[in-house]
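In case you want the letters, here they are:
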Amino acid sequence: MSGTLLRLACTAAMAAATLAPTPATAAPDPTPTPTPTSTAAPGPPPASLAYLLTDLQQLYRKAEQATEAYNATEEKLKKQRTETDRLNHALARARLSLHDSRSEVGRLARQQYQSSTDISPYVHLLLARDPQHAIDQGHVIGRIARERAATINRLTGAERKADDLARKARKALDQQLTLTERRKKEQDQVVKRLHDVEDLLASLSRDQLAALSAFETSGITKAQKKFMASGALSSARRPSAEGDRALRYVVGQLGKPYEWGAEGPKSYDCSGLTSQAWAEAGAPIPRTSQEQWKRLKRIPLAELRPGDLVVYFPEATHVALYLGDGMVVQAPRPGAKVKVSPIAANPLLGAVRPDPSGKPLRRYAPPKLPKGATDGSDSGYDGYAAPAPDSSAR
């Protein structure tokens, strides 16, 4: 067992001890307590829950970091495969052209040999019975010679091009193999991180999970109230036409499961959802959350409009699509589903706009959300479910 998991197991044990009913022989508490209204076991102290929740969130975060690294390598691999295929096709065409040039050189060489003699062209002209025919024949021989020289030049160029393409094709294939190996290592890392999450969740009882859920929900609610009270968001804004299409797309995906590396249509990870939404809107964006943060135009939170992307954590490892009124649509984490969440459900890094030149719609009616899209409490909480790290799709 790794050091991290050992510490987590100890934390879980501590939480389990605090969740257990008090033994009958325990010393009475001198402080009067209210009469309990239910038979449910008392919850653990907030400090224990905070410690356990922090560990669990760190595991989820590490899993998402590994997922985004895998996604980045997968995108590079797709582009490298395309480049490798392009070079292989170009090399095949160059080799065919080289074969044709060599055949043409041979044909011209045979033609010149059959038309040539050891007699000087000037002597041949003087001795010819038909001087004009001799002159015409000389022109033909000269033309053949010039064609042969041009063909040889093309042959030389074709040989150089074929050699250059062959080197590039070999290099491209080597890069493809390197990326494939890196992707496999990153895939293994994702699976390991998800197994860590699964092991921790499996070590907790139903009561512990319920207490952890309530504690996280309470924390998200407090963070959202504080954020909204800060005035960081301005009044309601209207999306662009593209932003509206992206937003309606993600709303149509509510309830679909999170799956690492997935881009739909049956499941998504966080950046798979946002990138696919904007692709459907007709404005493709980078695949990963880090590249979305790096390459798209950053905007102040006060200028957020529906359809913009909200990026989380210092490493930009999570992203959601802004819905409006302080809410986002996101694919939260393994074991959860695409849902509406408070914008402050995760530590904010900033916001980016995929279509900075897009003009706000003159008229805008927000998309209608299906019943239960926000779990009623608007907490964005999905509960804890064991992730599925071993996907046959990978």
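The structure displayed is predicted, hence computed values, not measured ones. Numbering of residues starts from 1 in every chain and runs along the sequence as written. Reporting in this predicted model follows two pLDDT cut-offs: at least 70 for local features of residues, and 80 or more for side-chain atom pairs to be given and counted; totals over whole chains, interfaces and linings ignore these cut-offs and use all residues. Side-chain descriptors were evaluated using all non-hydrogen atoms of the structure, hydrogens and water having been removed beforehand.

Novice: Tell me about the overall build of the protein, and name the residues and values.
Specialist: Secondary structure is summarised from DSSP: a helix means a run of H or I of at least four residues, a strand means a run of E of at least two, and numbering begins at the N terminus for each. Helix and strand content of the protein: eight helices and six strands. Secondary structure of the protein in N-to-C order comes out as α-α-α-α-α-α-α-α-β-β-β-β-β-β. When accessible area is computed with a 1.4 Å probe and restricted to protein chains, residues below 20% of their type maximum are described as buried, those above 50% as exposed, and intermediate ones as partly exposed. Here the protein, with 394 residues, has 41% of them falling under the buried criterion. Across the protein, contacts joining residues at least 24 apart in sequence account for 78% of those joining residues at least 6 apart. For the protein, the accessible surface area stands at approximately 22,200 Å², while carbon and sulfur atoms represent 55% of it. Contacts: residue pairs with any heavy atoms within 4.5 Å of one another. Here, Shrake-Rupley sampling with a 1.4 Å probe gives the accessible areas, and only protein chains in the shown set may cover a residue.

Novice: So what's going on with the sheet that holds strand β5 (residues 339-342)? Which residues, and what values?
Specialist: A pair of strands is labelled paired if DSSP reports no fewer than 2 bridges between them. The strand order β1-β6-β2-β3-β4-β5 describes an open sheet built from six strands, whose pairing is antiparallel. Every other strand in the sheet has two partners, leaving β1 (297-299) and β5 as the edge strands with one partner each. The sheet shows a mean angle of 45° between the axes of neighbouring strands, direction not considered. Of the strand pairs in this sheet, strand β2 (residues 309-312) and strand β6 (residues 348-353) are connected by four bridges, and their pairing is antiparallel. Bridge pairing in β6 places Tyr 312 opposite Leu 348. Against the sheet, helix α7 (residues 270-280) touches β2, β3 (318-324) and β4 (327-330), its axis set at about 50° to β3. For helices, the fitted axis covers only the stretch in contact; all axes are lines through C-alpha atoms, and the angles between them, taken along N-to-C directions, range from 0 to 180 degrees.

Novice: Which residues make up the pattern of salt bridges, and what values do they have?
Specialist: Take a side-chain nitrogen of Lys or Arg and a carboxyl oxygen of Asp or Glu: if they are within 4 Å of each other, that pair is a salt bridge. Under the defined criterion, the tally for this structure stands at nine salt bridges. The salt bridge involving Asp 244 is made with Arg 248; its shortest N-O contact spans 2.9 Å. Taken together, the residues Asp 244 and Arg 248, both in helix α6 (residues 241-251) and four residues apart, mark about one turn of the helix. Take Arg 248: its relative accessible area is 38%, and that puts it in the partly exposed class. In this structure, the salt-bridge partner of Arg 353 is Asp 308, at a minimum N-O distance of 2.8 Å. With Arg 353 in strand β6 and Asp 308 in the loop between β1 and β2, this residue pair connects regions lying 45 residues apart in the sequence. Like Arg 353, the residue Asp 308 is buried in the burial classification. Ionic contacts of the salt-bridge type, sharing partners, join the residues Glu 75, Lys 78, Glu 263, Asp 269 and Arg 287 into one network.

Coordinates in, geometry out; function isn't part of it.
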